[in-house]
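Residues per chain, in single letters:
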Amino acid sequence: MRRQFPQEQEAWLEDIFEGLDEATAWNLRYAGEEIYLNPGEPLSAVQNAVIRVESGLLKLSVISTDRSIAVALFGPGDTICAPLFHNWDPHIYQIQAQESSELRILPQEAVLKVAAENPEFSRRLMRQLSW
């Protein structure tokens, strides 16, 4: 499921880190927990945090007992913001690595602190949450 044409298939959503100064982006990124997933491995439950994809490719699926429907692919530079205020329930939604992937789970407190100090970051975060 690798993006065959990276330029044409780049993310639809803006990178919420774009426009942050380097020190702020670094501090936010490293406030989080680093997680590595192997191909096919699902992400455990996440709550009060956002998920930042550093490398690799992730598939987001809606799942039930008899089916799974892929709804999104996330690659490097993508941030999954839904778990910032909603618990990520792996019995309803599943995030699964499609290839070796490195993620950062950024805690809510750190994300909201940066949002309070950076209006553009806050705008990008709200835009992505609205999707």
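Coordinates for the structure precede this section.
Summarised in this report is the structure supplied together with it. (Residues numbered from 1 in each chain as written. Predicted model: local features only at pLDDT ≥ 70, side-chain atom pairs only at ≥ 80, totals over all residues. Heavy atoms only, no water.)

### Here's the deal with the packing of helix α2 (residues 108–117) against helix α3 (residues 119–130)
Close contact between α2 and α3 brings their axes to 5 Å; oriented N to C, the two are set at 125°. With respect to α3, the element α2 is oriented oblique. In this structure, α2 crosses over α3, and the sense of that crossing is left-handed. For the pair α2 and α3, contact is made by Val111, Val114, Ala115 and Glu117 and by Pro119, Phe121, Ser122 and Leu125, respectively. Split by residue class, the contact of α2 with α3 holds 6 nonpolar, 1 polar and 1 charged. (Axes fitted to C-alpha atoms, helices over the stretch in contact; angles between N-to-C directions. Helix = DSSP H or I, 4+ residues; strand = E, 2+ residues; numbered from the N terminus. Parallel < 35°, antiparallel > 145°, perpendicular 65-115°, else oblique. Left-handed = near helix turned anticlockwise from the far one by under 90°. Contact = heavy atoms within 4.5 Å. Nonpolar A, V, L, I, M, F, W, Y, C, P; charged D, E, K, R; others polar.)

### Regarding the side chain of Ser61
Within the secondary structure, Ser61 sits in strand β3 (residues 58–63). The buried category is assigned to Ser61, whose relative accessible area is 1%. Residues within four places of Ser61 in sequence aside, it is in contact with Ser68, Ile69, Ala70, Val71, Ile92, Tyr93 and Gln94. (Buried < 20%, exposed > 50% of the residue type's maximum accessible area, 1.4 Å probe, protein only.)

### Overview of the nonpolar core
By size, the foremost hydrophobic cluster in this structure holds 16 residues, and its most contacted members are Leu37, Leu43, Val46, Ile51, Leu58, Ile95 and Leu103. Among the secondary structure elements, those contributing two or more residues to this core are β1 (33–37), β2 (49–55), β3, β6 (93–97) and β7 (101–107). Residue contributions to this core peak at 3 residues, all from β2. Discounting residues that sit within four places of it in the chain, Leu58 has contacts with Leu37, Val53, Ala72, Leu73, Phe74, Ile80, Ile95, Gln96, Ala97, Gln98, Ser101 and Leu103. (Core = buried A, V, L, I, M, F, W, Y, C linked by side-chain atoms within 4.5 Å.)

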